[in-house]
Amino acid sequence: QVQLVESGGGLVQAGGSLRLSCAASVNIYSLTTMGWYRQAPGKQRELMASITKDGTTNYADSVKGRFTISRDSAKNTVYLQMNSLKPEDTAVYFCGADGYSLYYWGQGTQIAVSS
């Protein structure tokens, strides 16, 4: 089993920035893809950003140009740098990891953006 632990959530003003961290209990190269998701009240969980084993990144249109996913393989950690935050970004943010036959989830961290 893979453990994922997110950190970095909190309250921020519109226009501000936050960085989320997701620490994995295994070498991240043992995972096919890692990603960041969010779920706002009354809405479906959406994939915002992902990074593959070879370093390829993808972003949802809603966050493109504002959010950046990155990794530190030495620390088995992926990050989500969030800039120019908007009230619409308020949600619970989750780290997810594709472990080939299983998909793993972190516990989630709350982001609240005030206007």
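Above this note sits the structure.
Residues numbered from 1 in each chain as written. Predicted model: local features only at pLDDT ≥ 70, side-chain atom pairs only at ≥ 80, totals over all residues. Heavy atoms only, no water.

A.B. asks: Looking at this structure, I do not really get the pairing of strand 5 (residues 46-52). What am I missing?
C.D. replies: The side chains of a regular strand alternate between the sheet's two faces. Where strand 4 (residues 33-39) and strand 5 come together, six bridges link them in antiparallel fashion. Directly across from Met-34, in strand 5, lies its bridge partner Ile-51. In this antiparallel pair of consecutive strands, strand 4 and strand 5, the connection spans six residues, and Gly-42 shows a positive phi of 75°. Of the pairings in the sheet, the one linking strand 5 to strand 6 (residues 57-59) comprises three bridges and is antiparallel in character. Counted as the bridge partner of Ser-50 is Asn-58 from strand 6. Connecting the antiparallel pair strand 5 and strand 6 is a turn made up of four residues, with Gly-55 showing a positive phi of about 95°. (Pairing = 2+ DSSP bridges. Helix = DSSP H or I, 4+ residues; strand = E, 2+ residues; numbered from the N terminus.)

A.B. asks: Honestly, the environment of Ala-40 in this entry has me stumped. Any pointers?
C.D. replies: Relative to the helices and strands, Ala-40 is located in the loop between strand 4 and strand 5. It is 9.7 Å that separates the C-alpha atoms of Ala-40 and Gln-110, two residues lying 70 residues apart in sequence. Setting aside residues no more than four positions away along its own chain, Ala-40 makes contact with Thr-90 and Ala-91. (Contact = heavy atoms within 4.5 Å.)

A.B. asks: Would you mind going over the nonpolar core with me for this structure?
C.D. replies: Buried together is how nonpolar side chains tend to be arranged in soluble globular proteins. Leu-4, Met-34, Trp-36, Phe-67, Leu-80, Met-82 and Tyr-93 are the most contacted members of the largest nonpolar core, which totals 30 residues. Those elements that provide at least two residues to this core are strand 3 (18-24), strand 4, strand 5, strand 7 (67-72), strand 8 (77-82), strand 9 (91-98) and strand 11 (109-114). The residues touching Met-82, leaving out its near neighbours within four places in the chain, are Gly-16, Ser-17, Leu-18, Leu-20, Arg-66, Phe-67, Tyr-93 and Ile-111. (Core = buried A, V, L, I, M, F, W, Y, C linked by side-chain atoms within 4.5 Å. Buried < 20%, exposed > 50% of the residue type's maximum accessible area, 1.4 Å probe, protein only.)

A.B. asks: Just checking my understanding: could you explain the pairing of strand 3 for this structure?
C.D. replies: Judged by how many residues are buried, strand 3 sits mostly within the fold: five of seven residues are covered. Both strand 1 (residues 4-7) and strand 3 contribute to a ladder of four bridges, which runs antiparallel. Considered in strand 3, the bridge of Glu-6 is made with Cys-22. Looking at chain direction, strand 3 and strand 8 are connected through six bridges and run antiparallel.

A.B. asks: Sorry if this is basic, but what is going on with the side chain of Glu-6 here?
C.D. replies: Take Glu-6: it is sitting in strand 1. Buried within the structure, Glu-6 lacks any salt-bridge partner; Arg-45 is the closest side chain of opposite charge, at an N-O distance of 7.7 Å. A polar atom in the side chain of Glu-6 sits 2.7 Å from the backbone nitrogen of Cys-95. Of note is the side chain of Glu-6, whose polar atom sits 2.8 Å from the backbone nitrogen of Gly-108. (Lys, Arg positive; Asp, Glu negative; His and termini not counted. Salt bridge = Lys/Arg side-chain N within 4 Å of Asp/Glu carboxyl O. Polar contact = N/O pair within 3.5 Å; in protein donor to acceptor, adjacent residues only side chain to side chain.)

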